[in-house]
There are 4 protein chains.
Amino acid sequence: MTIGQRHWVIAEGYLPPFGPNPDDPTLRSHESACILNPGDREAQIELTLYFSDREPAGPYRLRVPPRRTLHMRFDDLADPAPVPRETDYASVFVSDVPVVVQHTRLDARPQALALMTTLAYGS
Amino acid sequence: MTIGQRHWVIAEGYLPPFGPNPDDPTLRSHESACILNPGDREAQIELTLYFSDREPAGPYRLRVPPRRTLHMRFDDLADPAPVPRETDYASVFVSDVPVVVQHTRLDARPQALALMTTLAYGS
Amino acid sequence: MTIGQRHWVIAEGYLPPFGPNPDDPTLRSHESACILNPGDREAQIELTLYFSDREPAGPYRLRVPPRRTLHMRFDDLADPAPVPRETDYASVFVSDVPVVVQHTRLDARPQALALMTTLAYGS
Amino acid sequence: MTIGQRHWVIAEGYLPPFGPNPDDPTLRSHESACILNPGDREAQIELTLYFSDREPAGPYRLRVPPRRTLHMRFDDLADPAPVPRETDYASVFVSDVPVVVQHTRLDARPQALALMTTLAYGS
């Protein structure tokens with residue numbers, strides 16, 4: 001099965017303040033790139049982060065095994081540098097095999113949570 | 001009318017905890033794949049679920065009659081196995097006729113509800 | 001300018017209960033199809049609603065003047081029949097000129113509001 | 001890298017009332033068009049706003065440097081005219097180089113926040 005595309009863009013990126021549960025990874029504010037590799041070969045992905053006022057950071061290197069999904073949290077990225085909070089950014093994923101990428105943010109600033117998601121731009 | 005595509009991917013999948021109304025199907029946390037079959041032939045769809053750490057589950061078999069919509073809830077799936085809660089997954093739909101798929105999550109963990117939706121990736 | 005497509009599908013449709021402000025159209029639960037006609041000719045659009053358990057309803061006839069947007073609320077539709085609340089549906093738009101359609105729901109059941117939006121499926 | 005497209009449409013546009021924190025730009029109601037220019041040349045973009053009952057406004061002129069993202073807030077637009085609040089609108093972006101555009105709204109009317117996002121329509 002060769003479903004998917006090799007280039008994906010998430011133009012909206014922003015890690016809000018943690019909110020009232022900073023120690024609970026599922027309830028504090030975060031953003032994810034949910035990546036599906038439906039194929040039979042491991043996906044090797046280079047992720048580059050773009051900012052409003054400086055040169056891009058990266059590449060961050062991700063691997064998604066065959067027939068697996070990776071719900072990659074941007075606040076888990078560390079090498080070459082963590083993603084700054086409360087800073088506008090955007091991201092480009094370049095994979096060596098076809099994958100699908102969907103973007104989700106959970107904003108825990110309100111007493112209640114706010115959620116948003118969209119398919120990324122694939123080409 | 002032949003609107004639609006035969007392959008659809010939802011890369012983001014996660015069933016949050018039920019929240020404060022576990023017995024009300026419309027108000028407890030859930031995810032749906034809303035499928036429209038605008039054509040004149042029944043759609044026979046094979047759904048496969050992908051995980052982060054094990055082989056895919058499925059196929060789940062869905063049928064959408066001609067000129068009908070099915071708002072399929074992931075927490076209703078049972079055969080071959082229910083979808084685990086609080087677990088990352090992704091889903092691939094393969095239909096024998098063109099359909100359209102949109103993904104929606106209602107998260108009832110906050111006292112208020114949080115909602116998100118996106119068109120799935122079609123090819 | 002000929003930006004847009006002539007066929008658009010919103011596979012997810014559901015009008016939640018009104019919520020605590022039933023008399024305020026901007027704050028009660030509703031769904032919209034936001035349509036942009038960027039061109040120089042009026043768009044004549046036929047909208048058909050699909051359900052899970054009965055034949056489609058419509059066509060509903062919409063007109064969007066040249067260089068105008070119409071944020072069409074599903075709870076304003078009346079002819080040939082209003083859209084039932086708390087009922088799964090889906091919608092197909094067929095326009096005689098290229099347009100762009102985006103789907104938005106405001107859910108006012110929670111004390112706070114929940115919002116979701118997505119680009120519709122265009123072809 | 002030539003990822004992206006030159007024409008983008010956001011058919012849904014609406015600036016809700018400010019909400020309870022009118023003086024905090026990150027917490028008052030707003031809409032953004034997040035634009036990524038992944039290429040090596042500055043993007044010069046003409047933005048036109050469409051309304052339901054009058055001729056379009058614009059063009060607004062935006063510049064996004066090479067390898068930068070611009071999270072453009074609609075409530076920051078001033079020339080040729082600010083965007084009216086509580087008014088339906090839509091927007092068309094025409095860029096001289098490929099870019100990617102994603103639309104986000106934060107609605108601060110509820111005590112909690114509501115969020116929504118979607119990839120814009122590219123062509």
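Worth saying up front: this structure is predicted, and the values here are computed from it rather than measured.

**Student:** Residue-level account of the overall build of chain A, with values.
**Tutor:** The secondary structure content of chain A amounts to zero helices and eight strands. Along the longest, intermediate and shortest principal axes, the C-alpha atoms of chain A span 45 × 30 × 25 Å. The buried share of chain A, taken over its 123 residues, is 49%. Contacts in chain A between residues far apart in sequence, at least 24 positions, make up 67% of those at least 6 positions apart.

**Student:** Requested: an account of the pairing of strand 3 (residues 43–51) of chain D, with residues and values cited.
**Tutor:** Residues and elements named next belong to chain D. In terms of strand pairing, strand 3 meets strand 4 (residues 57–64) through six bridges, oriented antiparallel. When the sheet's bridge partners are listed, Leu 47 is paired in strand 4 with Tyr 60. Hairpin geometry of strand 3 and strand 4 is characterised by an intervening segment of five residues between the two adjacent antiparallel strands. The pairing of strand 3 with strand 6 (residues 89–107) spans seven bridges and is antiparallel.

**Student:** Could you give an account of the interface of chain C and chain B, with specific residues and numbers?
**Tutor:** Many authors give the size of an interface as the accessible area that is lost as the parts come together. Tallying the contact residues gives 26 residues for chain C and 23 residues for chain B. The class makeup of the residues in the side of chain C that touches chain B is 15 nonpolar, five polar and six charged.

**Student:** So, the relation of the copies chain A and chain B: which residues are in play, and what are the values?
**Tutor:** The transformation that overlays chain A on chain B combines an axial shift of 0.0 Å with a rotation of 90°, and the residual RMSD is 0.0 Å. These values place the two chain copies in the arrangement generated by a four-fold rotation axis.

**Student:** Residue-level account of unusual backbone geometry, with values.
**Tutor:** Between Asp 79 of chain A and the following residue, Pro 80 of chain A, the backbone shows a cis peptide bond with an omega angle of 15°. Note on placement: Pro 80 of chain A falls in the loop between strand 5 (68–73) and strand 6 (89–107). In this chain, Gly 58 of chain C is followed by Pro 59 of chain C through a cis amide linkage whose omega measures 5°. Tracing the sequence through the fold places Pro 59 of chain C in strand 4 (residues 57–64). The phi dihedral of Glu 86 of chain C is positive, around 55°, even though this residue is not glycine. Topologically, Glu 86 of chain C is positioned in the loop between strand 5 (68–73) and strand 6 (89–107). For Arg 67 of chain D, which is not glycine, the phi torsion reads 60° and is therefore positive. As for its placement among the helices and strands, Arg 67 of chain D is situated in the loop between strand 4 and strand 5 (68–73). Overall, Arg 67 of chain D belongs to the partly exposed group, with 18 C-beta atoms counted inside 10 Å.

**Student:** Can you lay out the interface of chain A and chain B for me, pointing to particular residues and giving the numbers?
**Tutor:** With 23 residues of chain A at the contact, the number on the chain B side is 26 residues. Residue assignment for the side of chain A that touches chain B shows that the elements contributing at least two residues are strand 2 (30–37), strand 5, strand 6 and strand 7 (114–119) of chain A. Broken down by element, the residue count for the side of chain A that touches chain B peaks at six residues, all from strand 7 of chain A. When grouped by side-chain class, the residues that make up the side of chain A that touches chain B number 14 nonpolar, seven polar and two charged.

**Student:** So what's going on with the environment of Thr 104 of chain A? Residues and values would help.
**Tutor:** Along the chain, the position of Thr 104 of chain A falls in strand 6. Separated by 88 residues in sequence, Thr 104 of chain A and Pro 16 of chain A place their C-alpha atoms 13 Å apart. Setting aside its immediate chain neighbours within four residues, Thr 104 of chain A contacts Glu 31, Ser 32, Cys 34 and Thr 117 of chain A together with Glu 12 and Met 116 of chain B.

**Student:** Requested: an account of the confidence of the model for chain A, with residues and values cited.
**Tutor:** Put simply, chain A has an average pLDDT of 93, and 97% of its residues get 70 or more. With pTM at 0.95, the complex prediction returns an ipTM value of 0.93.

Parameters and conventions
Residues numbered from 1 in each chain as written. Chains lettered and ligands numbered in written order. Predicted model: local features only at pLDDT ≥ 70, side-chain atom pairs only at ≥ 80, totals over all residues. Helix = DSSP H or I, 4+ residues; strand = E, 2+ residues; numbered from the N terminus. Buried ≥ 20, exposed ≤ 12 C-beta atoms within 10 Å, placed from the backbone. Contact = placed C-beta atoms within 7 Å. Pairing = 2+ DSSP bridges. Nonpolar A, V, L, I, M, F, W, Y, C, P; charged D, E, K, R; others polar. Least-squares fit on C-alpha atoms with pLDDT ≥ 70 in both. pLDDT = per-residue confidence, 0-100.

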